Amino acid sequence: MRYLGLDLGSRTLGMAVSDALGMIASSYKIVRHNEEYDRLLDEVQATVEEKKIEAIVLGLPKNMNNTIGPKGELSFQFKEKLENKLGIPVFLEDERLTTKQAENLLINNDTSRKKRKKVIDSMAATIILQSYLDKNK
């Protein structure tokens with residue numbers, strides 16, 4: 001089963017895809033959107049069709065005390081829109097600290113600050129997706 005991982009931010013959507021067996025996540029791309037969330041649905045649909053995606057894993061931002069804030073509510077709304085438009089399951093995965101993990105990984109690999117800014121959201125999506133895949137083997 002092939003999965004698409006999504007890290008929904010206020011300006012960008014990071015994407016990652018799994019291999020055909022649903023075991024390994026890889027960074028795919030970043031889509032800039034400037035809070036035009038409905039436009040993102042078409043971008044995600046194109047990726048789902050192109051990569052033959054069967055399920056989506058969407059990052060769920062929670063507060064450190066495990067409560068859901070405005071960004072979390074936005075993820076719930078986006079999940080519903082994705083399911084309605086695409087007709088495939090969308091699973092929510094806790095994304096706390098994934099951007100920090102991604103940044104640390106990139107720093108440890110000597111990635112320049114300029115390059116980090118360009119890839120950090122897709123790297124965070126990769127961490128979200130890999131976390132889900134590891135838990136659901």
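In the block above lies the structure referred to throughout.
Small disclaimer: the values here were computed from a predicted structure and weren't measured.

**Topic: a nonpolar patch on the surface**
Then comes step 1: A grouping of L21, M23 and I24 is seen on the molecular surface, where their side chains present a nonpolar patch of about 330 Å² in accessible area.
Then comes step 2: With respect to the helices, strands and loops of the structure, M23 is situated in the loop between β2 (12–18) and β3 (25–32).

**Here we look at unusual backbone geometry**
Then comes step 1: A positive phi is found at E35, a non-glycine position, where the angle reads about 65 degrees.
Then comes step 2: Within the element layout of this structure, E35 appears in the loop between β3 and α1 (37–51).
Then comes step 3: For N66, which is not glycine, the phi dihedral falls at a positive 75 degrees.
Then comes step 4: Its location among the elements puts N66 in the loop between β4 (55–60) and α2 (70–86).
Then comes step 5: Of the residues examined, N66 reaches a relative accessible area of 44% and is grouped as partly exposed.

**Here we look at the nonpolar core**
Then comes step 1: With 20 residues, the main nonpolar core has L4, L6, V44 and I56 as its most contacted residues.
Then comes step 2: Elements supplying a minimum of two residues to this core: β1 (3–8), β2, α1, β4 and α2.
Then comes step 3: Here this core gets five residues from one element, more than from any other, and that element is α1.
Then comes step 4: Once residues lying within four places of it in the same chain are set aside, the contact partners of V44 are L4, L6, L13, M15, I56, L82 and L86.
Then comes step 5: Ranked by size, the runner-up nonpolar core spans ten residues in total, among them A25, A125, I128 and Y132.

**Things to note about the sheet that holds β2**
Then comes step 1: Pairing is mixed in the open sheet, where five strands are placed in the order β3-β2-β1-β4-β5. Two strands lie at the open edges of the sheet, namely β3 and β5 (90–94), each paired on one side alone. When the angles between neighbouring strand axes are averaged without regard to direction, this sheet yields 25 degrees.
Then comes step 2: Across the sheet, α1 lies against β1, β2, β3 and β4, angled at about 145 degrees from β3, the strand it touches most.
Then comes step 3: Along the sheet, α2 contacts β1, β4 and β5; its crossing angle with β4, the most-contacted strand, is approximately 170 degrees.

**Focus: the packing of aromatic side chains**
Then comes step 1: Under the counting rule described, the total for this entry stands at two aromatic pairs.
Then comes step 2: Both rings, one in F91 and one in Y132, keep their centres 5.3 Å apart while their planes meet at 20 degrees; by these two values the pair is stacked. Of the two residues, F91 sits in strand β5 while Y132 sits in helix α4 (residues 113–135), which places them 41 residues apart along the sequence.
Then comes step 3: On the basis of relative accessible area, F91 is assigned to the partly exposed category, the value being 31%.
Then comes step 4: On the accessibility criterion, Y132 (10% relative accessible area) is buried.

Basis of the calculations
- Residues numbered from 1 in each chain as written.
- Predicted model: local features only at pLDDT ≥ 70, side-chain atom pairs only at ≥ 80, totals over all residues.
- Heavy atoms only, no water.
- Patch = residues over 30% accessible without salt bridge, like charges linked within 9 Å, V, L, I, M, F, W, Y side chains within 5 Å.
- Areas by Shrake-Rupley, 256 points an atom, 1.4 Å probe, with all protein chains shown as cover.
- Salt bridge = Lys/Arg side-chain N within 4 Å of Asp/Glu carboxyl O.
- Helix = DSSP H or I, 4+ residues; strand = E, 2+ residues; numbered from the N terminus.
- Buried < 20%, exposed > 50% of the residue type's maximum accessible area, 1.4 Å probe, protein only.
- Core = buried A, V, L, I, M, F, W, Y, C linked by side-chain atoms within 4.5 Å.
- Contact = heavy atoms within 4.5 Å.
- Pairing = 2+ DSSP bridges.
- Axes fitted to C-alpha atoms, helices over the stretch in contact; angles between N-to-C directions.
- Phe/Tyr/Trp six-rings, centres within 6.5 Å; stacked < 30°, edge-to-face > 60°.

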